[in-house]
Amino acid sequence: MSDATPPVPEPAEPVRHPWAELAPERFHLLRLAPLPTDRSSGPRPLRFVEMTELERHSAQASLLRLAIRLPGQRVHSDYNLLEVWADHRAKEVRFGPEGGLRLEPGNRGLGRFLLAQGAAWAKKRWSHYALEGAVLRDTTSEDERQRRDQALRAQGLEVVYPQPQQLKALYQAANVGLLSSEWNHDKVRRIELPEAAAMLEQADRSLQEQESSLHQLKERLDRLRREDGTLRFTIACLVAFALFQGGLLIWIATR
């Protein structure tokens, strides 16, 4: 009889969906309005970010994938990503990714904006579908938890705390038609191509005007410096002449 231990089978790698690696198809420019400095998230200056969009449909499922790209800044692949999956066999819509919606920069209105885009996309086609609820990830502070719950409720989602200690929460809604596709336009605004071109032209004109003003100020400063040098030389000559005259008068008086 053999005492050899049978080999332990290696766990199979999870099968990735064929749409997982697809590149985005559409690109949008977003303007994040300047907001007062927040004690938890810090300064909130004016920023422009890029939103990418991918849409796919089949007989079994449909997908909308939205991602936020920050110019000159890299973030983790799990951040700034919203996926909306529609299961046509179960007639159900699910929001993803599984780890929850994580945003950078936070507290700028991007969460409501992305949820509004996903809700509008799903309501346009499958408002009668059910919405699959999910457990919300833990927050780092009470302020963050309140902002999260307020944003979700503003989008038509119900936030439920099964335990009275409010340790874990989940969101749910009876159907997709109850979701709201509105967001705070004062915080996040989509910039269309003609408007972006007009903004660039205005910025270029302002830059040229500033360069012209700086050039004029530089010429005036150089002129004042030249005049100042001339005055200094004249004063030095007058002082020398006065000293000479004084010495001459003293010499005459003592003769």
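Residues numbered from 1 in each chain as written. Predicted model: local features only at pLDDT ≥ 70, side-chain atom pairs only at ≥ 80, totals over all residues. Heavy atoms only, no water.

Caption draft 1: A look at helix α2 (residues 142-154). With 13 residues, α2 should reach 18 Å at 1.5 Å per residue; the first-to-last C-alpha distance of 18 Å fits that figure. By the burial criterion, the buried members of α2 are R145, R148, D149 and L152. The arc that holds the buried residues of α2, viewed along the axis, is 95°, so those residues lie on one side. On its buried face, α2 is in contact with α1 (110-126) and β10 (158-160). (Helix = DSSP H or I, 4+ residues; strand = E, 2+ residues; numbered from the N terminus. Expected span 1.5 Å × (residues − 1). Buried < 20%, exposed > 50% of the residue type's maximum accessible area, 1.4 Å probe, protein only. Arc of directions from axis to C-beta. Contact = heavy atoms within 4.5 Å.)

Caption draft 2: The arrangement of the packing of aromatic side chains in detail. In total, this model carries four aromatic pairs according to the counting rule given. On the basis of an interplanar angle of 10° and a centroid distance of 6.0 Å, the ring pair of W19 and W85 is categorised as stacked. Here the residue W19 occupies a position in the segment before β1 (26-32), and W85 occupies one in strand β6 (residues 81-87), the gap between them amounting to 66 residues. A relative accessible area of 13% places W85 in the buried class. Measuring from ring centre to ring centre gives 5.0 Å for W121 and W126, while their planes differ by 75°; the resulting arrangement is edge-to-face. Summarising the burial analysis for this pair, W121 and W126 share the class buried. Through a chain of ring-to-ring contacts, the aromatic side chains of W121, W126 and Y129 assemble into a single cluster. (Phe/Tyr/Trp six-rings, centres within 6.5 Å; stacked < 30°, edge-to-face > 60°.)

Caption draft 3: Fine view of the nonpolar core. Residues L30, I68, V84, V93, F95 and L179 are the most contacted members of the largest nonpolar core, which totals 36 residues. Here this core gets nine residues from one element, more than from any other, and that element is α1. Apart from the residues within four sequence positions on either side, F95 is in contact with L82, E83, V84, L115, G118, A119, L131, Y171 and L179. (Core = buried A, V, L, I, M, F, W, Y, C linked by side-chain atoms within 4.5 Å.)

Caption draft 4: Quick look at unusual backbone geometry. Cis rather than trans, the peptide bond between G96 and P97 has omega equal to 5°. Relative to the helices and strands, P97 is located in the loop between β7 (92-96) and α1. Phi is positive for N80, which is not a glycine, with a value near 60°. Its place among the elements puts N80 in the loop between β5 (61-69) and β6. Despite not being glycine, N107 has its phi angle at roughly 60°, a positive value.

Caption draft 5: Geometry of a nonpolar patch on the surface. Together, F241, F244, L248, L249, W251 and I252 give the surface a local cluster of nonpolar side chains, amounting to about 660 Å² of exposed area. Taking the relative accessible area as the measure of exposure, F244 reaches 53% and is therefore exposed. (Patch = residues over 30% accessible without salt bridge, like charges linked within 9 Å, V, L, I, M, F, W, Y side chains within 5 Å. Areas by Shrake-Rupley, 256 points an atom, 1.4 Å probe, with all protein chains shown as cover. Salt bridge = Lys/Arg side-chain N within 4 Å of Asp/Glu carboxyl O.)

Caption draft 6: Representation of the side chain of S62 within the structure. Relative to the helices and strands, S62 is located in strand β5. Taking relative accessible area as the criterion, S62 reaches 1% and is therefore assigned buried. Of note is the side chain of S62, whose polar atom sits 2.8 Å from the side chain of H57. With near-sequence residues (within four places) excluded, S62 lies in contact with W19, R56, H57, V84, W85, A86, H88, W121 and W126. (Polar contact = N/O pair within 3.5 Å; in protein donor to acceptor, adjacent residues only side chain to side chain.)

Caption draft 7: Focus on the pairing of β5. Most of β5 sits out of view: eight of its nine residues are buried. Bridge count for strand β4 (residues 47-57) against β5 is eight bridges, and the pairing is antiparallel. The partner of L54 across the bridge, within β5, is R65. (Pairing = 2+ DSSP bridges.)

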